[in-house]
Amino acid sequence: EKYYLTATVRADGSTRFGSKNKYGVFPAFAAKWRIINEGFAANSIGKLFNDLSLRANYGQTGSQDGLNDNSPVTTIITKPSNPSQVKIIWQGNDQLKWETVNTTGAGVDFAILNSRISGTVDYFFTKRTNILAFLPVPGGFSASAYYFANLPGYVENKGWELSLNLKPVKT
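Residues numbered from 1 in each chain as written. Predicted model: local features only at pLDDT ≥ 70, side-chain atom pairs only at ≥ 80, totals over all residues. Heavy atoms only, no water.

## Remarks on the overall build of the protein
Note the threshold: Going along the chain from the N terminus, every DSSP run of H or I of four or more residues is numbered as a helix, and every run of E of two or more is numbered as a strand. Note on classification: 1.4 Å probe, protein chains only; a residue is buried when its accessible area is under 20% of the maximum for its type, exposed when over 50%, partly exposed between these limits. All accessible areas in this document rest on Shrake-Rupley with a 1.4 Å probe, and a residue is counted as covered only by the protein chains that are shown.
Across its full length, the protein carries 0 helices and 10 strands. The helix and strand sequence of the protein, counted from the amino end, reads β-β-β-β-β-β-β-β-β-β. The buried share of the protein, taken over its 171 residues, is 29%. Summing over all exposed atoms, the protein offers an accessible surface of approximately 11100 Å²; the carbon and sulfur share of this is 57%.

Laid out in structure tokens, this is it:
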């Protein structure tokens, strides 16, 4: 009850992507060290803390949010009154990739005063790449012709989270 390790690998497939990028593999792992259960902790930090643990994690997930079933193909609509008039409203993109979210985190869990005060302090960093976007076809002959593409940039979110639990009355 000192060391914890979790690891997973997820493989997802979707027909919403072209044949080259149909599958995505997304790993994740987490580790925790319960310092309070170490022999050296009993005489030092064990007098103040009821629980003290360090955690770290990394994970990757894939997203296909916002895509419809026609993403890798072209949708063509013809006018019933004039079948020779064709309007492309959905252009496929066989280079489309999974949007990927990488998350890294670290944290401390603690409890003091017979667990009447406990909490966590966490740092997180998330980076989203290959962002899926619905864009007009460049130089398209129709103002309503669109396609899905992966944007070249990325979005980062990072910060700290603090959780504090108090039990002022215990009966």
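## Observations regarding the pattern of salt bridges
How we decide: A pair is scored as a salt bridge if a Lys or Arg side-chain nitrogen falls within 4 Å of a carboxyl oxygen belonging to Asp or Glu.
What the rule picks out here adds up to 7 salt bridges. With a shortest N-O distance of 2.6 Å, Arg55 and Asp122 are connected by a salt bridge. Taken as a pair, Arg55 in strand S3 (residues 49–63) and Asp122 in strand S7 (residues 117–129) lie far apart in primary sequence, 67 residues in all. The class of Arg55 is partly exposed, set by a relative accessible area of 25%. By relative accessible area, Asp122 is classed as buried at 17%. Each member of the salt-bridge network shares a partner with another, and the members are Lys32, Arg55, Asp109 and Asp122.

## Points about the side chain of Asp109
Heads up, the rule is: Any two residues whose heavy atoms approach within 4.5 Å at even a single point are treated as in contact.
As for its position among the elements, Asp109 is in strand S6 (residues 99–112). Judged by relative accessible area, Asp109 falls into the buried class, the value being 11%. What Asp109 contacts, discounting residues up to four positions off in sequence, is Lys32, Asp51, Leu52, Ser53, Arg55, Gly119 and Thr120.

## So, the packing of aromatic side chains
Condition: What counts as a ring pair is set by centres within 6.5 Å for rings of Phe, Tyr and Trp (its six-membered ring), and what kind of pair is set by the plane angle: stacked under 30 degrees, edge-to-face over 60, tilted for all other angles. Criterion for a charge above a ring: Arg CZ or Lys NZ at most 6 Å from the ring centre, at most 35 degrees from the ring normal.
Taken as a whole and judged by the stated rule, the model has 5 aromatic pairs. Taken together, Phe17, Phe26 and Trp98 form an aromatic cluster joined through their ring pairs. Its guanidinium or amino end placed over the ring of Tyr4, Lys32 lies 5.8 Å from that ring's centre, counting from NZ or CZ. Note that Lys127 overlies the ring of Tyr154, its terminal NZ or CZ placed 4.2 Å from the centroid.

## Quick word on the pairing of strand S2 (residues 23–34)
Cut-off, in case you're wondering: At least two DSSP bridges between two strands are needed for those strands to be called paired.
As judged from the 11 bridges shared by strand S1 (residues 3–13) and S2, these two strands associate in the antiparallel manner. Following the sheet pairing, Tyr4 is matched in S2 by Lys32. Relative to S3, S2 runs antiparallel, the two sharing 7 bridges. What sits directly across from Lys32, in S3, is Arg55.

## Brief notes about a nonpolar patch on the surface
Just so we agree on the cut-off: Residues qualify for a patch when their relative accessible area is over 30% and they have no salt bridge, like charges being joined within 9 Å and the nonpolar side chains of Val, Leu, Ile, Met, Phe, Trp and Tyr within 5 Å.
On the surface, Tyr3, Trp33, Phe40 and Leu54 cluster together into a nonpolar patch covering about 440 Å² of accessible area. Mapped onto the fold, Tyr3 is located in strand S1. Taking the relative accessible area as the measure of exposure, Tyr3 reaches 58% and is therefore exposed.

## With respect to the sheet that holds S1
Let me state the cut-off plainly: Here an axis means a line fitted to C-alpha atoms, over the contact stretch when the element is a helix, while the angle between two N-to-C directions is reported on a 0 to 180 degree scale.
One open sheet holds the 6 strands; their spatial order is S1-S2-S3-S6-S7-S10, and the pairing between them is antiparallel. In this open sheet, the two edge strands, each paired with only one partner strand, are S1 and strand S10 (154–166). For this sheet, the mean inter-axis angle between neighbouring strands, taken without regard to orientation, is 10°.

## A look at the environment of Ser14
To keep things clear, this is the line we draw: Think of a polar contact as two N or O atoms within 3.5 Å of one another; within protein, one of them needs to be a possible hydrogen donor and the other a possible acceptor, and neighboring residues in sequence only count if both atoms come from side chains.
Looking at the secondary structure, you find Ser14 in the loop between S1 and S2. For Ser14, a relative accessible area of 7% corresponds to the buried category. Dropping the residues within four chain positions of it, Ser14 is found in contact with Lys22, Gln64 and Trp98. Separated by 3.1 Å, the side chain of Ser14 and the backbone nitrogen of Arg16 make a polar contact.

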